[in-house]
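# Per-entry structural report
What follows is the residue order along each chain.
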Amino acid sequence: MQQKYNPHVIEREAQQHWERAGAFRATEAPGKPKYYCLSMFPYPSGKLHMGHVRNYTIGDVLTRYHRMKGCNVLQPMGWDAFGLPAENAAMANGVPPAKWTYDNIAYMKKQLQSLGLAIDWSRELATCRPDYYRWNQWLFLRMLGKGLVYKKTGVVNWDPVDQTVLANEQVIDGRGWRTGATVQKREIPMYYMAITRYADDLLAALDSLPGWPQRVKTMQANWIGKSFGVRFAFPYELPAGSNLPSPQPPSHALLPEGEGNLEPPLSIPSSPPFSQEEKGGSSLLSPPGREVGSEGWRGGGEGSRGAGGEGGAPEAQTPEKGLLWVFTTRADTIMGVTFCAVAAEHPLAAQAAKGDAKLAAFVEECKRGPVMEADLATIEKKGMPTGLSVTHPLTGKAVPVWVGNYVLMGYGEGAVMGVPAHDERDFHFAKKYGLPIEHVIDARTAGADAFTTDHWQSWYEGKDGICVNSGKYDGLGYHEAVDAIAADLKAKGLGDKQVLWRLRDWGISRQRCWGTPIPLIHCGGCGDVPVPDRDLPVVLPEDCVPDGTGNPLAKRADFVNCTCPRCGKPAKRETDTMDTFVDSSWYYLRYACPDNGTAMVDERVAYWLPVDQYIGGIEHAILHLLYSRFWTKAMRDLGLVKLDEPFTHLLTQGMVLNDIYFRKAESGRITYYNPVEIEAKADGSAVLTSDGKPVEAGGIGTMSKSKNNGVDPQELIDHYGADIARFFMMFTSPPEDTLVWSDAGVEGAARYLRRLWSFAWEFGKTGTAPSSPRPGTALPKELAGVRREVHGVLKQANYDIGRNQFNTVASAAMKILNALERTPGDGPLRRAVLHEGLSILLRLLSPITPHISHTLWRELKFGEDVLAADWPEPDAAALIEDEIELVVQVNGKKRGDVRVPRDADSKAIENIVLADPAVQRHVSGQPIKKIVVVPGRLVNVVV
RNA sequence: GCCGGGAUGGCGGAAUUGGUAGACGCACGGGACUCAAAAUCCCGCGCCCCCAAAGGCGUGCGAGUUCGACUCUCGCUCCCGGCACCA
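Residues numbered from 1 in each chain as written. Chains lettered and ligands numbered in written order. Predicted model: local features only at pLDDT ≥ 70, side-chain atom pairs only at ≥ 80, totals over all residues. Heavy atoms only, no water.

Here we take up the overall build of chain A. Counting its regular elements, chain A contains 29 helices and 37 strands. Burial analysis of chain A (943 residues in total) assigns 54% to the buried set. A sequence separation of at least 24 residues applies to 74% of the contacts in chain A between residues at least 6 apart. In the form shown here, chain A has an accessible surface area of approximately 40400 Å², with 51% of it arising from carbon and sulfur atoms. (Helix = DSSP H or I, 4+ residues; strand = E, 2+ residues; numbered from the N terminus. Buried < 20%, exposed > 50% of the residue type's maximum accessible area, 1.4 Å probe, protein only. Contact = heavy atoms within 4.5 Å. Areas by Shrake-Rupley, 256 points an atom, 1.4 Å probe, with all protein chains shown as cover.)

This next bit is on the sheet that holds strand β15 (residues 415–418). Reading across the sheet, the 4 strands line up as β13-β14-β12-β15 and stay open at both edges, with mixed pairing between neighbours. In this open sheet, the two strands that pair with only one neighbour each are β13 (383–391) and β15. Pairs of neighbouring strands in the sheet enclose a mean axial angle of 30°, with direction left out of account. Sitting on the sheet, helix α11 (residues 357–368) is in contact with β13 and β14 (398–404), with an inclination near 110° to β13. (Pairing = 2+ DSSP bridges. Axes fitted to C-alpha atoms, helices over the stretch in contact; angles between N-to-C directions.)

Let us look at the nonpolar core. Most often, soluble globular proteins keep nonpolar side chains buried together rather than apart. If you look at the biggest cluster of nonpolar residues, it comprises 186 residues, and the most contacted ones within it are F140, M143, Y587, L589, L609, W631 and L756. With 10 residues, the single largest contributor to this core is helix α22 (residues 746–765). Those residues within four positions of W631 in sequence are excluded, and the remaining contacts are L139, M143, M193, W506, V582, S585, W586 and M600. V326, V342, A353 and I441 belong to the second largest nonpolar core, which has 40 residues in total. (Core = buried A, V, L, I, M, F, W, Y, C linked by side-chain atoms within 4.5 Å.)

A few words on α22. Spanning 20 residues, α22 covers 29 Å between terminal C-alpha atoms, matching the ideal 28 Å at 1.5 Å per step. Those residues of α22 that are buried lie in contact with α1 (7–21), α20 (714–720), α21 (722–731), α24 (806–822), α25 (828–845) and α26 (850–859). (Expected span 1.5 Å × (residues − 1).)

Time to look at unusual backbone geometry. For the bond running from L536 to P537, omega is -5°, close enough to zero to count as cis. Relative to the assigned elements, P537 resides in the loop between β22 (527–530) and α15 (557–560). For the bond from L609 to P610, the omega torsion is 0°, close enough to zero to count as cis. With respect to the element layout, P610 can be found in the loop between α18 (603–608) and β26 (611–617). The phi dihedral of N708 is positive, around 50°, even though this residue is not glycine.

Once that is clear, we can look at the pairing of β14. The side chains of a regular strand alternate between both faces of the sheet. By the criterion of burial, β14 is predominantly enclosed, with 5 of the 7 residues buried. By the bridge criterion, 3 bridges tie strand β12 (residues 339–342) to β14 in an arrangement that is parallel. Directly across from A341, in β14, lies its bridge partner W402. As defined by bridge partners, β13 adjoins β14 across 6 bridges and the pair is classed as antiparallel. For T391, the partnering residue across the bridge sits in β14 and is A398. Count of turn residues in the β13/β14 antiparallel hairpin: 6 residues, of which G396 carries a positive phi of about 80°.

Sheet architecture is open: 4 strands sit in the order β2-β1-β26-β27, paired in parallel fashion. Pairing within the sheet leaves two strands with one partner each, and these edge strands are β2 (72–74) and β27 (647–653). Along the sheet, successive strands turn relative to each other by an average axial angle of 20°, direction set aside. Here strand β1 (residues 34–39) pairs with β2 via 3 bridges, running parallel. Considered in β2, the bridge of Y36 is made with L74. Where helix α2 (residues 50–68) meets the sheet, it contacts β1, β2, β26 and β27, and its direction lies at approximately 175° from that of β1.

Before going further, it helps to examine the confidence of the model for chain A. On average, residues of chain A score 87 in pLDDT, and 88% of them are at 70 or above. The ipTM for the predicted assembly is 0.96, set against a pTM of 0.91. (pLDDT = per-residue confidence, 0-100.)

So, on to the packing of aromatic side chains. Summed over all chains, the structure comprises 31 aromatic pairs. Relative to Y133, the ring of F82 lies with its centre 5.7 Å away and its plane at 45°, an arrangement referred to as tilted. Of the two residues, F82 is situated in the loop between β3 (78–79) and α3 (84–93) and Y133 in helix α5 (residues 130–145); the sequence distance between them amounts to 51 residues. Classification of F82 as buried rests on a relative accessible area of 1%. Residue class for Y133 comes out buried when judged on its relative accessible area of 1%. Ring centres of Y132 and W586 lie 4.4 Å apart, and the angle between their planes is 10°; this geometry places the pair in the stacked category. (Phe/Tyr/Trp six-rings, centres within 6.5 Å; stacked < 30°, edge-to-face > 60°.)

Turning our attention to the protein's contact with RNA strand B. Around RNA strand B there are 71 residues in total, and D80, R512, T732, R937 and N940 lie nearest to it. At the protein interface, 62% of the atoms of RNA strand B within 4 Å belong to sugar or phosphate. The separation between a sugar or linking oxygen of RNA strand B and a polar main-chain atom of N168 is 2.5 Å. Separating a base nitrogen of RNA strand B from a side-chain N or O atom of Q511 is a distance of 3.0 Å. Residue contributions to the surface near RNA strand B peak at 6 residues, all from α24. Classifying every residue of the surface near RNA strand B gives 27 nonpolar, 25 polar and 19 charged. (Near = heavy atom within 4 Å. Polar contact = N/O pair within 3.5 Å; in protein donor to acceptor, adjacent residues only side chain to side chain. Nonpolar A, V, L, I, M, F, W, Y, C, P; charged D, E, K, R; others polar.)

Attention now moves to the environment of E883. Checked against the element boundaries, E883 lands in strand β34 (residues 883–890). Here E883 falls in the partly exposed class, since its relative accessible area comes to 36%. Here the alpha-carbon distance between E883 and P713, two residues 170 residues apart in the chain, equals 49 Å. A distance of 3.0 Å separates polar atoms of two side chains, one belonging to E883 and the other to R899.

Okay, the packing of α1 against α26 next. How two helices sit against one another is set out by the angle between their axes and by the gap between those axes. Contact pair α1 / α26: the axes reach a minimum separation of 9 Å and the direction vectors enclose 85°. The orientation of α1 relative to α26 falls into the category roughly perpendicular. Taken together, the residues of α26 that come into contact with α1 (itself represented by I10, E11, A14, Q15, H17 and W18) are P850, H851, I852, H854, T855 and R858. Its residues placed into classes, the contact of α1 with α26 shows 5 nonpolar, 5 polar and 2 charged. (Parallel < 35°, antiparallel > 145°, perpendicular 65-115°, else oblique.)

By the secondary structure assignment, S846 is in the loop between α25 and α26. Look at S846 and you get buried, because its relative accessible area is 4%. Within polar-contact distance, the side chain of S846 engages the backbone oxygen of R843 at 3.0 Å.

Here we take up the pattern of salt bridges. One pass over the structure, following the stated rule, counts 49 salt bridges. We note a salt bridge from D103 to K99, for which the minimum N-O separation is 2.8 Å. Of this pair, D103 and K99 both sit in helix α4 (residues 97–114), 4 residues apart, which is roughly one turn of the helix. Residue classification places D103 among the partly exposed residues on the basis of a relative accessible area of 40%. Under the relative-accessibility criterion, K99 is labelled partly exposed at 45%. In this structure, K109 engages E124 in a salt bridge whose closest nitrogen and oxygen atoms are separated by 2.7 Å. Of this pair, K109 sits in helix α4 while E124 sits in the loop between α4 and β4 (125–126), and the two are 15 residues apart along the sequence. (Salt bridge = Lys/Arg side-chain N within 4 Å of Asp/Glu carboxyl O.)

Here it is as structure tokens:
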């Protein structure tokens with residue numbers, strides 16, 4: 001054993017030992033509890049960043065802890081390898097995305113291995129490999145067969161200069177990131193997964209996940225957004241000769257149930273095959289409502305749910321009459337309706353715009369608006385009257401119809417009723433455009449101010465007022481009013497109660513070259529034809545280099561041209577690829593059977609799944625985690641797995657943040673600079689070190705490639721070693737907290753492990769024979785005190801590790817070493833106490849700092865391998881004390897403390913406390929009202 | 001804008017879930033060792049008053065409940081994450 005702690009030497013040796021022993025190779029071992037511990041796999045962006053180190057250290061701590069607690073553990077690792085950054089890098093460097101990605105994987109794998117993680121690398125997978133993504137394609141076709149995949153148009157960001165679709169991230173202040181051109185909305189055909197069919201299941205099953213953080217479950221529940229309300233219609237008549245266009249299908253439309261087997265259909269109803277040029281052209285599509293056909297989105301008895309109602313089915317109704325459908329959760333305010341507002345894409349808006357150039361211009365302006373919901377929600381609320389009016393279904397009064405830029409076509413019916421007196425947004429809209437405001441809920445019963453028409457604050461939006469100015473509904477509360485109104489609407493055939501979901505179906509089509517090819521072939525005669533299973537996988541060419549204009553796959557004749565599997569005639573392959581969330585929605589299943597070349601999953605999935613502990617960033621609280629839950633349920637219903645939920649326990653790691661610095665060019669293009677390149681000035685400004693010119697501070701944010709504010713942990717690992725980096729990472733903050741990166745304090749971690757090494761070296765110098773104190777051995781007072789402290793700290797540490805609070809586990813390890821170092825005297829009893837203390841300490845530390853624990857455990861002859869050791873448990877006998885200390889308060893303020901016998905009763909304690917001089921001074925003769933005794937803690941004298 | 005979360009010394013954080021606020025560290029100050037420095041070790045360290053003792057104030061801001069509030073309730077401010085094509 002060396003006298004000096006040399007992390008690099010011992011870490012290399014420990015890692016070689018684990019490698020030789022195959023220490024982390026996991027095999028199915030019935031009879032032992034299994035523990036599948038999974039950290040979210042990384043995107044191979046180039047280098048590890050601190051968020052990765054945090055994530056994988058947390059996962060490793062849990063993995064190693066549960067192994068020592070007796071579990072058969074599996075901790076796998078892989079690569080979320082498809083995605084946009086590879087295409088961006090390809091454009092910048094002229095290197096194919098595949099090469100860039102594989103190089104990054106090789107480098108980052110080395111980095112991960114240098115951390116000493118207990119990973120079973122034999123199960124490594126990368127989603128960009130055909131043997132992985134073929135199962136994306138295979139399952140896509142199974143879902144198509146079940147009707148869980150369907151086609152409809154969707155809105156994308158269009159860069160008119162580069163003639164290409166942009167990701168939301170590539171749109172900056174409404175402009176394309178490369179061209180600076182104003183981004184346009186464009187509708188293109190896309191494939192959707194019907195996640196809304198699982199809305200009820202996804203919501204209800206949240207209750208079956210006690211191992212998930214409440215905040216994540218709340219976010220998911222709100223995202224799914226089940227709202228109970230009333231769907232009803234305003235009848236209207238248009239001038240003769242009017243002809244309403246078809247509406248967009250609503251995004252929550254349902255498909256009929258499929259065949260119920262695992263076979264995809266021979267073809268799906270579709271528009272004729274489309275080439276990329278046609279997608280970019282102006283005569284893009286026939287109206288989508290018709291092309292999906294009768295089995296399509298309008299399916300069956302729910303056909304009238306489409307926005308615009310009968311307007312979408314002209315053959316069944318004279319075109320002049322129609323119903324304007326809306327959904328509301330506040331049917332109790334229906335008598336206060338003074339206008340209706342429809343989305344720009346609504347058929348009534350289109351109808352009204354025909355004869356009104358100004359309105360047509362406004363509708364066009366709305367359609368050009370932002371795509372992202374966050375932008376939509378913050379734009380100025382604008383509207384314009386259509387000149388049309390509809391009839392109030394209960395009062396028969398005429399209600400004007402407006403076009404509103406805040407009404408979303410994709411949610412509900414694409415139209416809303418306007419009740420300015422009891423909805424804040426409607427109120428501002430009415431004030432702005434001079435629409436009447438009719439007060440119909442009296443809020444005074446609920447303690448709110450009286451109604452006025454001047455200030456929103458004195459109005460009432462709550463559900464606990466009663467109806468006024470509402471005719472026969474006067475005096476009813478919320479629930480009675482909704483019931484009565486829904487019943488009356490139903491009697492007239494103009495509405496009923498209904499559930500509305502906020503959740504929308506999942507559009508998976510991407511116009512990009514670095515993703516899973518969608519396994520469909522477009523045939524002029526047969527339509528969209530699924531690729532037969534025998535032809536899977538549809539292999540992605542790995543030598544494509546995008547140039548920023550359109551999808552390079554579409555430019556490759558060798559990829560696009562094929563023959564129709566049905567009729568054998570020449571056909572075109574689909575060139576869209578799948579959303580990368582598809583890849584990450586099931587990878588946790590594949591780790592159980594990564595080598596199976598003939599099936600997506602096998603019986604080993606039944607052994608390992610569900611994942612017992614999933615660990616990843618809180619930023620994935622909704623999308624990734626919801627898609628994975630959906631995918632699991634879909635596979636369950638296809639008979640492929642017997643799982644309701646994929647992840648039993650979830651730990652959502654807090655984000656690692658860092659400063660953001662950038663410069664904005666005149667074109668609007670933003671360049672980000674890494675904080676290491678920045679010099680902060682005394683006046684608070686910042687300059688780029690290389691040119692001395694100012695940069696703008698963009699606050700702090702998540703470490704990311706796109707903001708260029710990541711910190712490479714390699715320097716830290718190279719300088720200090722993995723154990724110190726891991727210890728510091730765990731010590732500096734609790735796992736779930738947001739962490740603003742700073743390496744201040746890493747020296748403390750380094751000092752601690754050096755101190756531990758020196759202590760162990762001194763201890764080992766004087767002999768190595770095991771000599772923990774025998775049970776029942778009487779120890780001198782000081783030694784008993786040290787032992788009590790060690791076991792007391794261990795007790796708390798075990799509580800903390802059980803609740804994933806690893807920072808206090810690390811500080812517990814520090815406290816134990818402090819106590820051992822302070823242990824007075826010498827002789828065999830002292831040595832026995834130190835021996836026991838060290839054995840506890842090395843085991844407690846081993847999940848956090850596995851290398852030093854491994855080495856010292858062997859060197860001091862505690863055993864062959866600390867991995868095989870039992871987890872330490874405190875000795876209850878060591879914790880017993882004869883006297884305990886109680887805090888003494890007078891009127892809730894601390895005035896001292898007293899020592900009392902462990903078994904003193906309240907009366908005895910009161911007497912001791914009242915005799916205390918500090919208490920007498922503060923009581924100073926005033927009458928004592930009462931004395932509160934909290935056993936084992938404190939005594940409060942109230943005067 | 002909507003949904004979720006956060007705020008405690010100069011800094012990271014702790015407080016056994018209503019019971020001693022500041023554990024454990026970092027930084028800083030003083031001392032020991034040293035020719036000197038580094039490393040290491042010892043002491044101090046919320047703010048005010050102050051030789052000290054005693055005391056007063058103190059957990060983002062403003063109210064409230066309680067013998068007692070970092071913890072519970074109501075109302076704010078600021079920051080972080082998500083908002084469906086970043087992953």
